Amino acid sequence: MKIALFGTGRLGSGMAERWLKSGNTVHVWNRTADKARALESFGAKAFEDPLAALDGVEIVHIILSDDAAVDGLLDRILERIPKGTLVIDHTTTSPAGAAERAARGDKAGVAFLHAPVFMSPATVREGTGLMLVCGPAARVKKAEDHLRKMTGEVWNVGEDPRHAAAFKLFGNAMIVTIVSGLSDVYGMARSVGVEPSSAHALFSHFKATNSIDIRGKKMAAGDFRPSFELTMARKDVRLMREMADAADVELHVLPAIAERIDDLIAVGLGDRDLAVMAIDAVSEAAAAG
C-alpha cells in the first residue's frame, strides 16, 4: 500500500516506521522538513511540497499539532486528493473542528475520518494502545482493517463526527487531573519528610483508580447516596492543607477543590457523597435516566 503521512513528530514518525516495516510505501511531509527527511533512512520518501506527497497514494494520514495546523494543511491539499480516498486525521483537536473538517471532506468527495489515539511513540511502533474513531458506519468499516494493523484496539465511538475528539479530550482530562493531583500529594509528602517515591508507593497498595470504576459509575448515574460524605471530604481537605501550610508548601489543586466543596455545602449538599461534586454536570442525564 502507498500511504501519505502528513506530520512526522514523535507519533507520526512511529507510524511511518511501523508501516515501512510492514512493506508499505510511505510518503512523508512535515512543516519542519528535517523531521520528514529523518525518515528516509527507514525507507520513507520525504517531500517538501505536500501536494507532491499525494502522488499515487491510496490513503492519507494526518497527525499534526492542533486544529489550525490541520486546517492549514487541508487548505493546501484537500481539493487535490482523489475522490473517495480515505483521509484519516489522528490529531487531537476540538470536537467542533473535527465536525467542520468532516463536512469539508464530504463536500470535497473524500472519505474523512477522525481517529485520535491514546498511544505513545513506543506503542505506535509496536502497534499497541487504543485508537478512537468516528464517522459514517460504512466509512469506518472500510478503514477498519487498516486501522487495526496500527494499534491494539480500535474503538468506534459512533457516527457523530465530534465524538472521537470529545472522547480523546475526556481521556486527556483524566491524565491532567491525575498528574495535577499527584503534584499536591508529593507536596504534602515533602511537608512531612516523605520522599515522593515513597508516597507513590501507596498506590501500589491503595488502588485510587477504583474511584473511576466504582464511584464514577454512580456519579454518571446521578447516584449521590453517601459512602464518603462531602463534609467529611472537606474536613480531610482541610487537614491536607494544614499539613502543607505547616511546612510552607504550596498546593495547587486542592485549594480549588476546597472552594467547590464549600459552595456545595453552602447549598445544603454536605450530607451527600463526594460524588455530588458532579451534580451540575450529570443531573440532567440522571433525570433522563
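Structural data are supplied above this passage.
In this text the structure is predicted, and so the values were computed from the model without any measurement.

A. Seen up close, the pattern of salt bridges. Taken as a whole and assessed by the stated rule, the structure comprises 15 salt bridges. The salt bridge partner of Arg139 is Asp106, with a shortest N-O separation of 3.0 Å. Pair noted here: Arg139 is in helix α6 (residues 137-148) and Asp106 is in helix α4 (residues 95-108), with a separation of 33 residues, a long-range link. Judged by its relative accessible area of 17%, Arg139 is buried. The class of Asp106 is partly exposed, set by a relative accessible area of 46%. Its salt-bridge partner being Asp273, residue Arg215 comes within 2.7 Å of it at the nearest N-O pair. Taken as a pair, Arg215 in helix α9 (residues 210-220) and Asp273 in the loop between α11 (254-266) and α12 (279-288) lie far apart in primary sequence, 58 residues in all.

B. Representation of the pairing of strand β6 (residues 111-114). Burial along β6 is two-sided: Ala111 and Leu113 and Phe112 and His114, pointing in opposite directions, are all buried. Judged from the four bridges that link them, strand β5 (residues 86-89) and β6 form a sheet pairing that is parallel. Looking at the pairing, Val87 lines up with Phe112 of β6. You can see the chain leave β5, run along α4 and come back into β6, and the turn it takes is right-handed.

C. Here's a closer look at the nonpolar core. Residues Val28 and Leu147 are the most contacted members of the largest nonpolar core, which totals 29 residues. Breaking this core down by element, the ones donating at least two residues are β1 (2-6), α1 (10-21), β2 (25-29), β5, β6, β8 (130-133) and α6. If one sorts the elements of this core by residue count, α1 sits on top with four residues. Excluding its chain neighbours within four sequence positions, the residues that come into contact with Leu147 are Ile88, His90, Met131, Val133 and Val154. Formed by 22 residues, the second largest nonpolar core is a distinct cluster that contains Phe6, Val60, Val87 and Phe112.

D. Region of the structure containing the layout of surface pockets. By volume, the largest pocket is sized at about 1,500 Å³. Around the largest pocket sit 37 residues that line it, and Thr177, Ala208, Ser211, Ile257 and Leu274 are the ones nearest its centre. For the lining of the largest pocket, the secondary structure elements donating two or more residues are α7 (163-191), α8 (196-205), α9, α10 (230-246), α11 and α12. Per-element tally for the lining of the largest pocket: the top contributor is α7, with eight residues. Residue composition of the lining of the largest pocket, by class: 27 nonpolar, six polar and four charged. In this model, the second largest pocket occupies a volume close to 350 Å³. What lines the second largest pocket is a set of 18 residues, among which Gly9, Arg10, Ile63, Leu64 and Ser65 lie closest to the centre. With three residues, α1 is the single largest residue contributor to the lining of the second largest pocket. Residue classes in the lining of the second largest pocket are distributed as four nonpolar, ten polar and four charged.

Definitions and cut-offs
Residues numbered from 1 in each chain as written. Predicted model: local features only at pLDDT ≥ 70, side-chain atom pairs only at ≥ 80, totals over all residues. Heavy atoms only, no water. Salt bridge = Lys/Arg side-chain N within 4 Å of Asp/Glu carboxyl O. Helix = DSSP H or I, 4+ residues; strand = E, 2+ residues; numbered from the N terminus. Buried < 20%, exposed > 50% of the residue type's maximum accessible area, 1.4 Å probe, protein only. Pairing = 2+ DSSP bridges. Right-handed = clockwise from strand over helix to strand, strands pointing away. Core = buried A, V, L, I, M, F, W, Y, C linked by side-chain atoms within 4.5 Å. Contact = heavy atoms within 4.5 Å. 1 Å grid on protein atoms, 1.4 Å probe; cavity = no way out; pocket = protein on both sides within 12 Å on 5 of 7 lines; lining within 4 Å. Points joined across faces, edges and corners; volume = space filled by probe spheres on them. Nonpolar A, V, L, I, M, F, W, Y, C, P; charged D, E, K, R; others polar.

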